[in-house]
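Report on the structure
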Amino acid sequence: MKRLLAVFLCMAMILGVLPAQTFAEGGQLSALARRLEFVGEDGNSYYYSVYAAEEGYGAPYFAALEYVGYGEHDVTELLIPAYVPYEAQQVPMRYISLPENSTGYYGSLYQLSGTVRNTVRRIEIPGTVERIGKQSFMYFEALTSVTFHEGLRAIGTGAFFGAKLLTAAELPTSLETLEDGCFKGCTDLVSVNFSVLTALQSIGTEAFYNAGVTEAELPEGLRSIGVHAFQGSQVREVSFPSTLQSLEYGCFQDCKQLVSVRFADHMDPEFTMITGFAGCAALTQIQIPNTVKTVAEQAFSDCGLCSLTIPASVSLIENKAFQNNRNLARLIILPGTTPLTIGP
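Every chain's residues receive numbers from 1 upward, in the order its sequence appears when written. Local features in this predicted model are restricted to residues whose pLDDT is 70 or higher, and side-chain atom pairs enter the listing and the counts only when it is 80 or higher, whereas totals over whole chains, interfaces and linings include all residues. Processing note: side-chain calculations cover all non-hydrogen atoms of the structure and skip hydrogens and water entirely.

**Remarks on the overall build of the chain**
- Of regular secondary structure, the chain possesses three helices and 24 strands.
- In the chain, the share of contacts with a sequence separation of at least 24, taken over all contacts with a separation of at least 6, comes to 40%.
- Accessible areas in this description were obtained via Shrake-Rupley with a 1.4 Å probe; residue shielding takes into account the shown protein chains only. Summing over all exposed atoms, the chain offers an accessible surface of approximately 15300 Å²; the carbon and sulfur share of this is 50%. Going along the chain from the N terminus, every DSSP run of H or I of four or more residues is numbered as a helix, and every run of E of two or more is numbered as a strand. The contact criterion used throughout is that any non-hydrogen atoms of two residues lie within 4.5 Å.

**Some thoughts on the sheet that holds strand E19 (residues 273-274)**
- Read across the open sheet, the four strands follow the order E19-E20-E22-E24; overall the sheet is parallel. Two strands in the sheet have a free side with no partner beyond their single neighbour: E19 and strand E24 (341-342). Strand pairing follows a simple DSSP-based rule, namely that at least 2 bridges must link the two strands.

**Looking at unusual backbone geometry**
- Despite not being glycine, Asn210 shows a phi value in the positive range, around 55 degrees.
- Relative to the helices and strands, Asn210 is located in the loop between strand E13 (202-203) and strand E14 (215-217).
- Asn210 sits in the partly exposed class, given a relative accessible area of 35%.
- One non-glycine residue, Gln298, lies in the positive phi region at around 60 degrees.
- By the element assignment, Gln298 lies in the loop between strand E20 (294-295) and strand E21 (307-310).
- Residue Gln298 is classed as partly exposed on the basis of its relative accessible area, which comes to 25%. In this scheme, a residue with accessible area under 20% of its type's maximum is buried, one over 50% is exposed, and one in between is partly exposed, where area comes from a 1.4 Å probe on protein chains only.

**With respect to the layout of surface pockets**
- Put simply, the grid is 1 Å and covers the protein atoms alone, a cavity is a trapped set of points that fit a 1.4 Å probe, a pocket is an open set with protein on both sides within 12 Å along at least five of seven lines, and lining residues have an atom within 4 Å of a point. Grid points are joined across faces, edges and corners, and a volume is the space filled by probe spheres set on the points. Quantified by volume, the largest pocket comes out at close to 310 Å³.
- Together, 17 residues line the largest pocket, and Phe263, Ile286, Gln287, Ile288 and Pro289 are the ones closest to its centre.
- The dominant element in the lining of the largest pocket, judged by the number of residues it contributes, is strand E18 (residues 260-263), at four residues.
- Ten residue types, Ala, Val, Leu, Ile, Met, Phe, Trp, Tyr, Cys and Pro, are classed as nonpolar, four, Asp, Glu, Lys and Arg, as charged, and the remainder, Gly among them, as polar. Per-class residue counts for the lining of the largest pocket are eight nonpolar, seven polar and two charged.

**Things to note about the pattern of salt bridges**
- Throughout this description, the term salt bridge denotes a Lys or Arg side-chain nitrogen within 4 Å of a carboxyl oxygen of Asp or Glu. Scanning the entire structure with this criterion turns up four salt bridges.
- A salt bridge links Arg153 to Glu176, with the shortest nitrogen-to-oxygen separation between them at 3.4 Å. In this pair, Arg153 is assigned in the loop between strand E9 (145-147) and strand E10 (154-155) and Glu176 in the loop between strand E11 (168-169) and strand E12 (177-178), connecting sequence segments 23 residues apart.
- Asp254 is paired through a salt bridge with Lys256; the nearest N and O atoms lie 3.8 Å apart.

**Quick word on the packing of aromatic side chains**
- Here is the rule: rings of Phe, Tyr and Trp (six-membered ring for Trp) pair when centre to centre is within 6.5 Å. Planes less than 30 degrees apart are stacked, more than 60 are edge-to-face, and the remainder are tilted. Evaluated as defined, the whole model comprises 17 aromatic pairs.
- Taking 5.6 Å as the distance between ring centres and 45 degrees as the angle between the ring planes, the aromatic pair formed by Phe263 and Phe271 counts as tilted. The exposure classification of Phe263 matches that of Phe271, with both residues buried.
- The rule for a charge over a ring is simple: NZ of Lys or CZ of Arg within 6 Å of the ring centre, and within 35 degrees of the ring normal. The ring of Tyr209 is capped by Lys184, whose NZ or CZ atom sits 5.0 Å from the centre of that ring.

**With respect to the environment of Leu308**
- Inspection of the secondary structure puts Leu308 in strand E21.
- For the pair Leu308 and Ile288, spaced 20 residues apart in sequence, the C-alpha to C-alpha distance is 8.5 Å.
- Among residues more than four places away in sequence, those in contact with Leu308 are Ile286, Ile288, Phe322, Leu328, Arg330, Leu331 and Ile332.

**Examining the sheet that holds strand E16 (residues 237-240)**
- Taken together, three strands build an open sheet; the order of strands is E14-E16-E18 and the sheet is parallel. The two strands at the open ends of the sheet, each matched to only one other strand, are E14 and E18. In this sheet, adjacent strand axes meet at a mean angle of 10 degrees when their direction is disregarded. Each axis is a line fitted through C-alpha atoms, taken for helices only over the stretch in contact, and angles between the N-to-C directions span 0 to 180 degrees.

**Description of a nonpolar patch on the surface**
- Together, Leu331, Ile333, Leu340 and Ile342 make up an exposed nonpolar region whose accessible area comes to about 350 Å².
- The topology assignment puts Leu340 in the loop between strand E23 (330-333) and E24.
- A relative accessible area of 31% places Leu340 in the partly exposed class. Surface patches are drawn from residues lacking salt bridges whose relative accessible area is over 30%; two like charges belong together within 9 Å, two nonpolar side chains (Val, Leu, Ile, Met, Phe, Trp, Tyr) within 5 Å.

**Some words on the confidence of the model for the chain**
- Per-residue pLDDT for the chain averages 75, and the proportion of residues at 70 or more is 65%.
- For the stretch residues 1-35, pLDDT sits under 50, and the model shows 79 contacts to residues farther than four places along the chain or on other chains.
- The low-confidence segment residues 99-108, where pLDDT is below 50, has 35 contacts with residues more than four positions distant or belonging to other chains. As a per-residue quantity, pLDDT reports the predictor's confidence and falls between 0 and 100.

**Topic: the environment of Gln287**
- With respect to the helices and strands, Gln287 occurs in the loop between E19 and E20.
- By relative accessible area, Gln287 is classed as exposed at 67%.
- Put simply, Gln287 and Pro311 are 24 residues apart on the chain and 8.9 Å apart in space, counted from C-alpha to C-alpha.

Written out as structure tokens, the structure is:
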């Protein structure tokens, strides 16, 4: 029924019966929000004008695409709620470029057919875009390169989830937030220069889950790292800034290649609990900061620790914190002013 209604609206719009701003499912289309350029395998440019639904069915995803075409092709308008027009799905694409007047929230493209998602290799996002929206380029499995520009502040939840061939993504220094799962499953994304991200404040849940990242020199200014943020990644070395206030459960869990963990000499006083390194079998040593009061449950279970010193600040070691550290031959617990509790 919805598809029949969409076809009726398309024909009505093309014939001029309905204005382009009408949206059938109870919402209204905003004024023209932005225009996309697709470069097809034939080398020609295909243009789509994108409307955003302010409310109703499909919001905030695409509500309509206006196919502008190229060369001498006639303009064809289509209004199909919540998914990309059939015509748009059949064009093999290699490159997506957002125009310089694109601003604010950028909607989702993952609903494009596999024909498009599996052929786009490069994306360029201008500095006028401040936030890449939720699942914008999810499952773009042929994508190898993304060009960002200064001005981008946030990469949204699942934005590049499943872009498993993505290898080049030089993040801009203006970036403040990496949201949940933004680069999850990007197995070829080996190099990310975190150290230049001086505005970065948070890395979300599963942001780099099973990603190919090998080194994480995290920048000063970073305050939080979410649950399973780097779990299963290829990271070998990680260094934490003095501004860090929280590590969440499993943040570096099962990082089998992790051999070096470094904390700043003077950590933020709010950094009071350490967790997240379970299953790091190659990790043989770590220096726990003297701000830590709690070693969380399974924080270092199934690691390769050989020696460890518990600082005097620690008052609680939770259950199974060091379970299955079979090589732990030397454990020093420094006396503190608060009695130490071990176990549940």
